[in-house]
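# Per-entry structural report
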Amino acid sequence: MPADDAKFMRMALSEAYAAREQDEVPVGAVVVHGGRVIGRGYNQRETLQDPTAHAEMIALTAAAAHCRSWRLEDCTLYVTLEPCTMCAGAIVLSRLSRLVYGATDSKAGAVETLYNICTDSRLNHRVEIGERVLADECRMILQEFFAAQRAKGKK
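Since we're looking at a predicted model, the values are computed, not measured. (Residues numbered from 1 in each chain as written. Predicted model: local features only at pLDDT ≥ 70, side-chain atom pairs only at ≥ 80, totals over all residues. Heavy atoms only, no water.)

### A word on the packing of helix α3 (residues 55-67) against helix α4 (residues 85-93)
What counts is decided by this rule: Only C-alpha atoms enter the line fits that serve as axes; for helices the fit covers just the stretch in contact. Angles between N-to-C directions range over 0 to 180 degrees. Helix and strand assignments follow DSSP, with helices taken as H or I runs no shorter than four residues and strands as E runs no shorter than two, numbered in order from the N terminus. Orientation labels follow simple angle bins: below 35 degrees gives roughly parallel, above 145 gives roughly antiparallel, 65 to 115 gives roughly perpendicular, and whatever is left gives oblique. In this scheme the handedness of a crossing depends on how the near helix is turned from the far one: anticlockwise by less than a right angle means left-handed, clockwise means right-handed. We call two residues contacting when some pair of their heavy atoms lies within 4.5 Å. Gly counts as polar in this scheme, as do all residues outside two lists: the nonpolar Ala, Val, Leu, Ile, Met, Phe, Trp, Tyr, Cys and Pro, and the charged Asp, Glu, Lys and Arg.
Closest axis-to-axis distance for the α3/α4 pair is 9 Å, and the angle between their directions is 25 degrees. Looking at the two axes, α3 sits roughly parallel to α4. For the pair α3 and α4, the crossing hand works out as left-handed. Contacts between α3 and α4 involve Glu56, Met57 and Leu60 from the former and Met86, Cys87, Ala90 and Ile91 from the latter. Partitioning the contact of α3 with α4 into residue classes produces 6 nonpolar, no polar and 1 charged.

### Side note on the packing of aromatic side chains
Stated precisely, the cut-off is as follows: Here a pair means two rings of Phe, Tyr or Trp (six-membered ring of Trp) with centres within 6.5 Å. Their orientation is stacked below 30 degrees between planes, edge-to-face above 60, and tilted elsewhere. A 1.4 Å probe rolled over the protein chains alone gives each residue an accessible area, and that area as a share of the maximum for its type sets the label: buried under 20%, exposed over 50%, partly exposed in between.
This model, assessed by the stated rule, comprises 2 aromatic pairs. An angle of 35 degrees between the planes, with centres 5.4 Å apart, marks the rings of phenylalanine 8 and tyrosine 78 as tilted. Of this pair, phenylalanine 8 sits in helix α1 (residues 5-21) while tyrosine 78 sits in strand β3 (residues 75-81), and the two are 70 residues apart along the sequence. We note that phenylalanine 8, like tyrosine 78, is buried. Judged by centre distance (5.2 Å) and plane angle (75 degrees), the ring pair of phenylalanine 145 and phenylalanine 146 falls under edge-to-face.

### Considerations on the pattern of salt bridges
Basically, it comes down to this: When a carboxyl oxygen of Asp or Glu is within 4 Å of a side-chain nitrogen of Lys or Arg, the pair counts as a salt bridge.
Under the criterion given, the structure shown has 6 salt bridges. A salt bridge links aspartate 5 to arginine 98; its shortest N-O distance comes to 2.7 Å. Highlighted residues: aspartate 5 in helix α1 and arginine 98 in strand β4 (residues 98-103), separated in sequence by 93 residues. Of the two residues examined, aspartate 5 and arginine 98, each falls in the buried class. Here glutamate 128 ties to arginine 98 by a salt bridge, and the two come within 3.5 Å at their closest N and O atoms. One end of the pair, glutamate 128, is in strand β5 (residues 128-129); the other, arginine 98, is in strand β4, and 30 residues separate them in sequence. Relative accessible area serves as the criterion here: at 47%, glutamate 128 is assigned to the partly exposed category. Within the structure, one salt-bridge network assembled from shared partners comprises Asp5, Arg98 and Glu128.

See below:
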């Protein structure tokens, strides 16, 4: 595990906490290039009423704007939860070099759990998958959020 992986995952966790404050599912993401964060995001589906407003999509859009290019080669995405099919597809299409995630997603994980989109040899680009980082912390924020939602009779 590269030395900075935990540092950047903590930044993604900060984004997840911001999502939780908005009563959004607490998933956060940051895109890093050359040791600098160039894009960040957290889930905003409820706030924006947009089914595509996942943390990864928002972070990728911000990074592309920063780079003035949709090609995010030599960039790493750190995200607190294993990406879904939509986000995994966007990761491949953006030409990210590397993906690091925290918690696995047994219901929608499309990187290693249910599908292997980011490393599928049939696609035109493959993404290096880093080790899971701070998985326990990433899983706990989600478990606590959903427990609180169930206690309120929501979600």
